[in-house]
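What follows is the residue order along each chain.
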Amino acid sequence: MINRRALGKTIGAGTAAASMAGWFSSSPASAATGAPSGGKASTAAQGTGRRSFESLKQVKAGELNIGYAEVGPAKGPVVILLHGWPYDIHSYVDVAPLLAAEGYRVIVPYLRGYGTTTFRSQKTFRNGQQAVVALDIIALMDALRIEKALLGGFDWGARTADIIAALWPKRCKALVSVTGYLITNREKNKQPLPPAAEWAWWYQYYFATERGELGLAEYGHDFAKLIWRNVSPTWHFDDATFDRTATAFENPDYVSIVIHNYRWRLGLAAGDPRYDGIEAKLGAGPAIAVPTITLDGELDPFTPVGDGSAYRAKFTGPYDHRALEGIGHNVPQEAPEAFAQAVLDADRL
């Protein structure tokens, strides 16, 4: 269990422990109160924008100069936490200190197109296909001389972590994946889903149009806030919390990467031929054998029906599944203690 003595106070409840003060900067917004009880995920950690990572680091890695936050002991076992769209590293601002207090070195990078992560060359294809995002994280690990890490993620981050666990298992000690197995099969993506599921993905079809690309460029912040509210209906974040993340969308490549990512998934945009071999392997639906815990938010519209049974067969190693009552899509920010506990437990599977 999470060591609350080490924390001083429950970080997941929105109050920073005194021992963590040097890792975060604060703004005047007030913190939420309340603490989780029993075995359920807590919704007490409602966003208030009170805390941010104090400073960011940058490292040249592959095609990118990657911006990332790092907390915890430099020689601790490494955990890499990956965000999705339309989110950023602050999805883990309450998870990271929980893990750092347990002795982990926690690294939270901005994905390509977000925050302070930039391309090293203006000539590089602004590619958002799944293989490339995973290779970015491998390049980050190489640049930081990290041989193996525990990976956790949701949305794009879960897909990226799944890919690394499936194709480069020697780099992944264990896995925490929200919404289970998210590796994309573009041929399957051509098949229609039931109407309710299609409705949840409405923005993918909007992004397939020129109007959608222009809309994302002009109304990017409003667009993201709408998505947050739709996919996390019980998460009562305030403006400070949203605005803290929304600065990540001011990256000059944000629109290009987001649009390419969703068009590529639907077969409406080409990827880079250099990665055709990797994509062929991913399209075959490779199994994941590393120790894994999958998490589903009860109120996440993208959660498959069946308490994880829809993807259970894809995980062939030590495994556990947890359904989080009252939680939506952004699991690490809505239920930071449950996410952090899953990381600790995955490391012990």
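Source: prediction; values computed, not measured.

About the cut-offs
- The written sequence of each chain sets the order in which its residues are numbered from 1.
- Restriction of local features to residues with pLDDT of at least 70 applies here, the model being predicted, together with a cutoff of 80 or more for giving and counting side-chain atom pairs; totals for whole chains, interfaces and linings are based on all residues.
- Working from all heavy atoms in the structure, the side-chain values ignore hydrogens and water.
- The buried label applies to any residue whose accessible area, calculated with a 1.4 Å probe on protein chains only, is under 20% of its type's maximum; exposed applies above 50%, and partly exposed to all values in between.
- Helix and strand definitions follow DSSP, with helices as H or I runs of at least four residues and strands as E runs of at least two, each counted in order from the N terminus.
- For two strands to be treated as a pair, DSSP must find no fewer than two bridges joining them.
- pLDDT measures the predictor's confidence residue by residue and takes values from 0 up to 100.
- Should any heavy atoms of two residues lie within 4.5 Å, those residues are counted as being in contact.
- Here a Phe, Tyr or Trp ring, Trp counted by its six-membered ring, pairs with any other such ring whose centre lies within 6.5 Å, and the pair is stacked when the planes are under 30 degrees apart, edge-to-face when over 60, and tilted otherwise.
- Working rule: Lys NZ or Arg CZ, within 6 Å of ring centre, within 35 degrees of ring normal, means a charge sits over the ring.
- In the sections that follow, a salt bridge refers to a side-chain nitrogen of Lys or Arg positioned within 4 Å of a carboxyl oxygen of Asp or Glu.
- As used in this record, nonpolar core signifies buried Ala, Val, Leu, Ile, Met, Phe, Trp, Tyr and Cys residues forming a set joined through side-chain atoms within 4.5 Å.

**Describing the pairing of strand β8 (residues 149-153)**
Stage number 1. Burial runs high along β8: 5 of the 5 residues are buried.
Stage number 2. Taking every second residue as pointing to the same face, both faces of β8 are buried, with Ala149, Leu151 and Gly153 on one and Leu150 and Gly152 on the other.
Stage number 3. As paired strands, strand β5 (residues 78-82) and β8 are joined by 4 bridges and run parallel to one another. Directly across from leucine 81, in β8, lies its bridge partner glycine 152.
Stage number 4. The pairing of β8 with strand β9 (residues 172-178) spans 4 bridges and is parallel. Considered in β9, the bridge of alanine 149 is made with cysteine 172.

**Focus: the pairing of β5**
Stage number 1. With 5 of 5 residues buried, β5 is to be regarded as a mostly interior element.
Stage number 2. Direction of pairing for β5 relative to strand β6 (residues 105-109): parallel, over a ladder of 3 bridges. Paired with valine 79 across the bridge in β6 is valine 106.

**Quick notes on the confidence of the model for the protein**
Stage number 1. In this model, the protein carries a mean pLDDT of 89, and residues with pLDDT of at least 70 account for 86%.
Stage number 2. Looking over the protein, one finds the lowest element-wise mean pLDDT in helix α1 (residues 4-7), namely 48, and the highest in β5, namely 99.
Stage number 3. Considering only residues more than four positions removed or in separate chains, one finds that residues 4-23, a stretch of pLDDT under 50, has 52 contacts.

**So, the packing of aromatic side chains**
Stage number 1. The full count for this structure, using the stated rule, is 30 aromatic pairs.
Stage number 2. Ring centres 6.1 Å apart and planes at 80° place the aromatic pair tyrosine 181 and phenylalanine 315 in the edge-to-face group. Pair noted here: tyrosine 181 is in the loop between β9 and α5 (195-200) and phenylalanine 315 is in the loop between β10 (292-297) and β11 (319-324), with a separation of 134 residues, a long-range link.
Stage number 3. Given the relative accessible area of 3%, phenylalanine 315 is considered buried.
Stage number 4. Sitting above the plane of the phenylalanine 119 ring, arginine 126 keeps its charged end 4.1 Å from the centroid.

**Details of the pattern of salt bridges**
Close approach of charged atoms allows side chains with opposite charge to pair.
Stage number 1. Scanning all chains against the criterion turns up 16 salt bridges.
Stage number 2. Between lysine 173 and aspartate 347 there is a salt bridge, with the nearest N and O atoms lying 3.0 Å from each other. One end of the pair, lysine 173, is in strand β9; the other, aspartate 347, is in the segment after α13 (336-346), with 174 residues separating them in the sequence.
Stage number 3. The partner of arginine 263 in a salt bridge is glutamate 213, with the nearest N and O atoms 3.4 Å apart. Remark: glutamate 213 occurs in helix α7 (residues 210-218) and arginine 263 occurs in helix α10 (residues 254-265); sequence separation between them is 50 residues.
Stage number 4. For glutamate 213, a relative accessible area of 29% puts it in the partly exposed group.
Stage number 5. Bridged by salt links that share partners, the residues Glu63, Arg112, Asp136, Asp272 and Arg274 form one connected network.

**Comments concerning the environment of glycine 115**
Stage number 1. Tracing the chain through its elements places glycine 115 in the loop between β6 and β7 (118-119).
Stage number 2. Distance from glycine 115 to threonine 245, taken between C-alpha atoms, is 8.8 Å for residues 130 residues apart in sequence.
Stage number 3. When neighbours within four sequence positions are excluded, glycine 115 is seen to be in contact with Tyr110, Ala248 and Asn251.

**Some words on the nonpolar core**
Stage number 1. Judged by nonpolar contacts, the single largest core of 102 residues is most densely connected at Trp85, Leu99 and Phe339.
Stage number 2. In terms of residue count, the dominant contributor to this core is helix α3 (residues 130-143) (9 residues).
Stage number 3. If we skip the residues at most four places from it in the chain, tryptophan 85 touches Tyr114, Asp155, Trp156, Tyr203, Phe207, Phe223, Ile227, Tyr254, Val258 and Tyr262.

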